[in-house]
Structure formats: C-alpha cells, structure tokens
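# Survey of secondary and tertiary structure
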Amino acid sequence: MSVMLDIRLKRVNKIYHEEEIIIGYVVVESKSEVKHEGITLTMEGNVTMQLSAKNVGILEAFYSSAKPVLLTSSIIEIAKPGKLPPGRTEIPFEIPLKPRTNRTLHETYHGVFISIQYYLKCEMKRSLLNKDLQKLLEFIMEYKSQKGDSKAVPVNFSITPESLQNVRYRKNMPNFVIKGRIDSTACNIMQPFTGELCIEKCDAPIRSVELQLVRVETCGCSEGYSRDATEIQNIQIGEGDVCRNILIPIHMIFPRLFTCPTLKTNNFKIEFEVNVVVVFEDEHIITENFPIEIIRP
C-alpha cells in the first residue's frame, strides 16, 4: 500500500519574517484507508558550523562551540491517532515563527562552513508493521528590515604595478594603469552591485577581466577560530584584450541563498568581499580586493 505525505505552504515563494504565522496544509494521499498513530509537525531553525580540513586537529577545543545552534523550535500535533479515508486528505496548520529564548533569528544562508536553515518536518507514526512516514520542507527566513546606515559608500580605485602588494617579481610585471569606481561598498542585498572600470594603459595583452564574489566565514570561540574565504560566483565583464580608455560597466546580482546580510555574532561571522581580477595572456593575474557590507534596508 503506497501512501504519499507532503507539506504545502500558502505562500508560494516560501519567504517568511519573524513573528509571522506559517500557514499551510499537510497532504496525505492513498488508494486505501490509512491507519496511523498520530501526525506531528515540527518547525526548526538552526546554524550549523564545521571546520575546514586544514583546521581539523588544530582546534580540537573548538568542537564544543561548533555544535548546531538552535534558533527556533516548536512542535504541534495536527492529527490524533486514527484512520484517514481513501483518496486525498488535507490537514491545515498554522505555526508561528518565533525565536527561542535568548536567541535571534538570522536570515537563511547556504554556505560552505556555515549554514543557516529553517525547515518544517511532518511525521506520521504508524504501526510496527508499517514504516513511519516523514516529509521535510525548507522555507526561507528574511529580515523585514535592518537598523543602521544604508547610505551609499562609493570607492574610487587605481591599480598600478606600484600599488600591488605581495608581488615577488615586480620588475617582470607589465606597465599598466587600471582605474574605476565602486558605486557603494554598503550594498543593498536586493539591488545589484554596480560601478565601472577602465583600462587606461596596459603593455601586455589581456585575456579576461572578471568580477569575483567571495564569502568569508569565521567560526570561533575563546579557544581559537577558523576563517575561510571561498568563491560564490565569478562573472566575466571583459573578454579578450579589451579596448583601452573604454568604460566597462560593473553589474552583479547577489545570489539569493548564497548571500545574506553581513552577520557578526559571538560564535561566527559571515562577511563578503568583491575582487576585481585582470588575467593576462601569459597567465599572470592581478587582483584588487574590496570588503563590502551587505544589508537589507
């Protein structure tokens, strides 16, 4: 006998804010009558952290604070033990999205070493001869707005061989002048990252001009911390040996689940950076780094 269990939400985009009521219904479908020992719905939100491979064995004491942080948790019984008729049965539910005592709800974020996720889990208990049924559904938690200054913070930059750091063989570098502007390093997560770039002079042929978005995840406590930077996305804004003295527009959309407002807590931090990267034909690469703050004004 095949029984299908599913969770449906009234809100199609599955985006909710703190203190809102999550409304939906549990669907049970079967060709015959279904006997069960009760149906429950659990809502949980947690922060999961893990060390990168390079830090395993170095910060053993860190594992105590790397345990998942439970942000919200509640459970409701939506059906008492009994029987469901053949066909399709819809059981409505309402569950409030509230933080646990002394906790704060953070935005949904899917990272490499840190993840913040919220989900609903429906469980149908059945007799010993039948396997219990479970269904998991993730929903998105977003801030309504954030307090703080949301004014634009423009940055003008100029990249030359003399301005670069950590360069071993500066004499072998071609002569170049790259100038540009970042419209703001305080970024609205709902708006694109914008600016412009101009190759004023470059003696060597260029292969590509790219824009790289980087996440910087820090897990830490009093015993130590693990800090790792990983690429989220890389966008090519100039292909080949681009024309000199031509303005190249910078335009990048922040990915929905792989970015979130910049977050700093006692146990972890989620920060972001943007790299302007120029790749030469001879494989040499120059990079200019811009730490940014993402906000939801």
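Remember, predicted model here, so these are calculated numbers, not experimental data.

Looking now at the overall build of the protein. Across its full length, the protein holds zero helices and 21 strands. The C-alpha radius of gyration of the protein comes to 25 Å, more than 25% above the 19 Å expected for a compact globule of 297 residues. Expressed as a percentage of the 297 residues in the protein, the buried residues total 48%. Within the protein, contacts between residues separated by at least 24 positions form 72% of all contacts whose residues are at least 6 apart in sequence. Accessible surface computed for the protein: about 16,100 Å², of which carbon and sulfur atoms make up 49%. Of the side-chain charges in the protein, 36 are positive and 37 negative, and the distance between the mean point of each set is 6 Å.

As a further point, take the sheet that holds strand β8 (residues 87-96). Across a sheet, strands are paired by hydrogen bonds formed along the backbone, either parallel or antiparallel in direction. Read from one edge of the open sheet, three strands run β1-β3-β8, paired in antiparallel fashion. What marks the edges here is a single partner per strand, and that holds for β1 (3-9) and β8. With strand direction ignored, the average angle separating the axes of adjacent strands in the sheet is 20 degrees. Bridge count for β1 against strand β3 (residues 21-30) is seven bridges, and the pairing is antiparallel. Along β3, the bridge assignment pairs L5 with V28.

Moving on, we come to the sheet that holds strand β18 (residues 247-252). Spatially, four strands are ordered β12-β13-β15-β18 in an open sheet, and the strand pairing comes out antiparallel. Two strands in the sheet have a free side with no partner beyond their single neighbour: β12 (155-159) and β18. Along the sheet, successive strands turn relative to each other by an average axial angle of 20 degrees, direction set aside. Taken together, the five bridges between β12 and strand β13 (residues 176-182) define a ladder with antiparallel strand orientation.

This part is about unusual backbone geometry. Here N245, not a glycine, exhibits a phi torsion of approximately 60 degrees, which is positive. Phi is positive for E283, close to 80 degrees, though the residue is something other than glycine. Considering the arrangement of structural elements, one finds E283 in the loop between β20 (268-280) and β21 (285-295).

Conventions we followed
Residues numbered from 1 in each chain as written. Predicted model: local features only at pLDDT ≥ 70, side-chain atom pairs only at ≥ 80, totals over all residues. Heavy atoms only, no water. Helix = DSSP H or I, 4+ residues; strand = E, 2+ residues; numbered from the N terminus. Rg over C-alpha atoms; globule rule 2.2 N^0.38 Å. Buried < 20%, exposed > 50% of the residue type's maximum accessible area, 1.4 Å probe, protein only. Contact = heavy atoms within 4.5 Å. Areas by Shrake-Rupley, 256 points an atom, 1.4 Å probe, with all protein chains shown as cover. Lys, Arg positive; Asp, Glu negative; His and termini not counted. Charge placed at Lys NZ, Arg CZ, Asp CG, Glu CD. Pairing = 2+ DSSP bridges. Axes fitted to C-alpha atoms, helices over the stretch in contact; angles between N-to-C directions.

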